[in-house]
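Topology and contacts: notes
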Amino acid sequence: MIMKRIICILMCGIILLQFSSCSFSDNTEATKNITAMNTVMQITVFNTEKGTSEEVLNLMVERVGEIEKLFDANSPDSDVSKINQFPGTPSDETASEEDKLFLHEETIDVLIASNGAYYGTDFAFNINLMPVLKLWGFDNGNYGVPDDDAVKNALATVDESSILIYETEKYIVKSEGTQISLGGIAKGYLGDELLEIAEEYGATALVSLGGNIVLCGDKGDNKKWTVGVTNPDDTGSLACSFRCNGNRSVVTSGAYERYFEYGGKSYHHIIDPATGFPADSDLLSVTVVGENGTMCDAYSTALFVMGKEKAVEFAKEHNDYDFILITKDKEIITTEGVTDVVLEDDGFSLVKSVQQ
Ligand code: ADP
Ligand code: MG
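Residues numbered from 1 in each chain as written. Chains lettered and ligands numbered in written order. Predicted model: local features only at pLDDT ≥ 70, side-chain atom pairs only at ≥ 80, totals over all residues. Heavy atoms only, no water.

1. Regarding the coordination of the magnesium ion (ligand 2)
Bound to the magnesium ion (ligand 2) are the protein donor atoms G184 (O), D297 (O), D297 (OD) and T301 (OG1), situated 2.1 to 2.6 Å from the metal. Spacing between the donor residues of the magnesium ion (ligand 2) along the chain follows G-x112-D-x3-T. Within this pair, whereas G184 is found in the loop between β5 (171-174) and α7 (186-200), its partner D297 is found in helix α8 (residues 293-306), the two being separated by 113 residues in sequence. We classify G184 as buried; its relative accessible area is 17%. (Donors = N, O, S within 2.8 Å, 3.2 Å for Na, K, Ca; no water. Helix = DSSP H or I, 4+ residues; strand = E, 2+ residues; numbered from the N terminus. Buried < 20%, exposed > 50% of the residue type's maximum accessible area, 1.4 Å probe, protein only.)

2. A look at the layout of surface pockets
The volume enclosed by the largest pocket comes to roughly 990 Å³. Around the largest pocket sit 39 residues that line it, and S181, G183, G184, R258 and H269 are the ones nearest its centre. Only α2 (53-71), α5 (130-136), α7, β10 (248-254) and α8 provide two or more residues apiece to the lining of the largest pocket. Counting residues per element, the lining of the largest pocket draws most heavily on β10, which supplies four residues. Here the lining of the largest pocket is composed, by residue class, of 17 nonpolar, 15 polar and seven charged. (1 Å grid on protein atoms, 1.4 Å probe; cavity = no way out; pocket = protein on both sides within 12 Å on 5 of 7 lines; lining within 4 Å. Points joined across faces, edges and corners; volume = space filled by probe spheres on them. Nonpolar A, V, L, I, M, F, W, Y, C, P; charged D, E, K, R; others polar.)

3. What about α2?
Between the first and last C-alpha of α2 there are 27 Å, a value that for 19 residues agrees with the 27 Å anticipated at 1.5 Å per step. For α2, the secondary structure elements touched by its buried residues are β1 (30-36), β2 (39-47), α3 (79-85), α4 (105-120), α7 and β6 (204-209). (Expected span 1.5 Å × (residues − 1). Contact = heavy atoms within 4.5 Å.)

4. What about the nonpolar core?
Residues M60, F71, L182, L194 and L303 are the most contacted members of the largest nonpolar core, which totals 70 residues. Sort the elements by how many residues they give to this core and α8 lands first, with nine residues. Every residue in contact with L303, bar those within four places of it in the chain, is listed here: L283, V286, A311, F314, F323 and L325. (Core = buried A, V, L, I, M, F, W, Y, C linked by side-chain atoms within 4.5 Å.)

5. Some details on the sheet that holds strand β8 (residues 224-230)
With antiparallel pairing, three strands are arranged side by side in an open sheet as β8-β9-β16. At either end of the open sheet lies a strand with only one pairing partner, and these are β8 and β16 (339-343). Averaged over all pairs of adjacent strands, the angle between their axes in this sheet comes to 20°, without regard to strand direction. Where β8 meets strand β9 (residues 238-245), seven bridges bridge the pair, whose relative direction is antiparallel. Counted as the bridge partner of G228 is S241 from β9. (Pairing = 2+ DSSP bridges. Axes fitted to C-alpha atoms, helices over the stretch in contact; angles between N-to-C directions.)

6. Topic: the site of ligand 1
In the region of ligand 1, 19 residues are neighbours, and N126, S253, H269, I271 and T301 sit closest. Separating an oxygen atom of ligand 1 from a side-chain N or O atom of K187 is a distance of 3.0 Å. A distance of 3.0 Å separates an oxygen atom of ligand 1 from a polar atom in the side chain of D297. Calculation on ligand 1 without its partners gives an accessible area of 560 Å², and the protein chains cover 96% of this total. Under a 2 Å grid-point criterion requiring more than half of the atoms, the pocket assigned to ligand 1 is the largest pocket. The class makeup of the residues in the shell around ligand 1 is eight nonpolar, seven polar and four charged. (Near = heavy atom within 4 Å. Polar contact = N/O pair within 3.5 Å; in protein donor to acceptor, adjacent residues only side chain to side chain. Areas by Shrake-Rupley, 256 points an atom, 1.4 Å probe, with all protein chains shown as cover. Sits in = over half its atoms within 2 Å of the grid points.)

Structural data, given as C-alpha cells:
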C-alpha cells in the first residue's frame, strides 16, 4: 500500500515535470539593450509557451519603437509634438472644426490616464508642465535656473491650460498655450504594452526601462522575483530588496534620476506644479508596485512631489498598489504587501509597514 503511494507520488512528479518542460515551446534566453525614450532599456526573454524567445523579443523591441514615435516630444512627427505645436483655442471661444486635433488611440489612452492621475493625486501629477520644464532645460538638456517671474508666467499657462478629450472620436481640443510632457507616464504605459505581448506568448521576461521594471510571468520555483531598490545616495548599490509576484511593474522616481548643478545647488527634474520649482521633497525616492504600470509611473512621480506625510496617506488609500518610500531621514517605509524585505545598506533603517 505504502509502496503504491510512493509510486503514485513519483508518477505525479514525473507527469508534472513532463508537463512543465512541454509547456515551454522555447527555453532559449534572448536579450537586447536599446536606447529609446531618453533611457537605456534592457529586455530579456527567458522562455515562451508560444513562439520563440527571439520572436517575442523582436515584437517587444518593435513596440518600443512605435510608442517612442508617438510620445517623443523632440521628434516633430510625434503626437506629443503635434499637440504642443497645435495653436489651441483661446479660453473665451467655443471650439470649431479646426480646433479638433485627431490623435492615435494610444495617445488618447495615455491622456485619459494622465487626466485620472492629475485628479487622483490632488494635482501633484500634471502633464501640462512642459512650459515650465522648458525653462529649466529639462526638455532638451540645456539646463539653467530661470528667474522667478519667468517661472510664474509659465505656471500661469499651466494652470489655465487644459485638454478636452473626446475618447470615442479620438480627438482633443486644447486651450491656447497648453504644452505637454509625457515623461512621467509614457514609460509606464510602454511597460504595460510589453507585458501584454509577453502574456500573449506565455513568456517569462524581464523588462528594464530605466527606473521602470516590468516582471513578465513567474520566475523560478517559488514563482517570485527578487527586486532591488536603488540606493538614492549611491546609485551603483541597493538600499533594499524584496520579493515580488510576476505580471507587475515596479517603478521608481527619485531626484537622482536626472538633475543638474548650478551655483553649488542641485536641481532635479521632478517639478512641483504648485511652485514650478523642483519639488522640495523630504523623500529620496518613491517606488510603486502594481499591475497597472501606467499608474505606477504617474504615482511614483506624484508621491515624490507630495512628500512623506501625504505619500503615506495616499499609500493607505490605494491598496491595489504597494509602495516603498525612502526618506531623507534614511527610513525605508513599505506597505504591508511588500514581502521579504532585506536591508542592503546599513545606512538605512526599515520602519514599520503601512497598513492598507
Ligand atoms: P523618470 O523619467 O526618471 O523615470 P519620472 O517618472 O518621475 O522619472 O518622471 C519625471 C519626468 O516627468 C520629468 O523628466 C518630466 O518630464 C515630467 N514631470 C516632472 N514633474 C512632473 C509632474 N509633477 N507631473 C508630471 N510629470 C512631471
Ligand atoms: Mg513617473
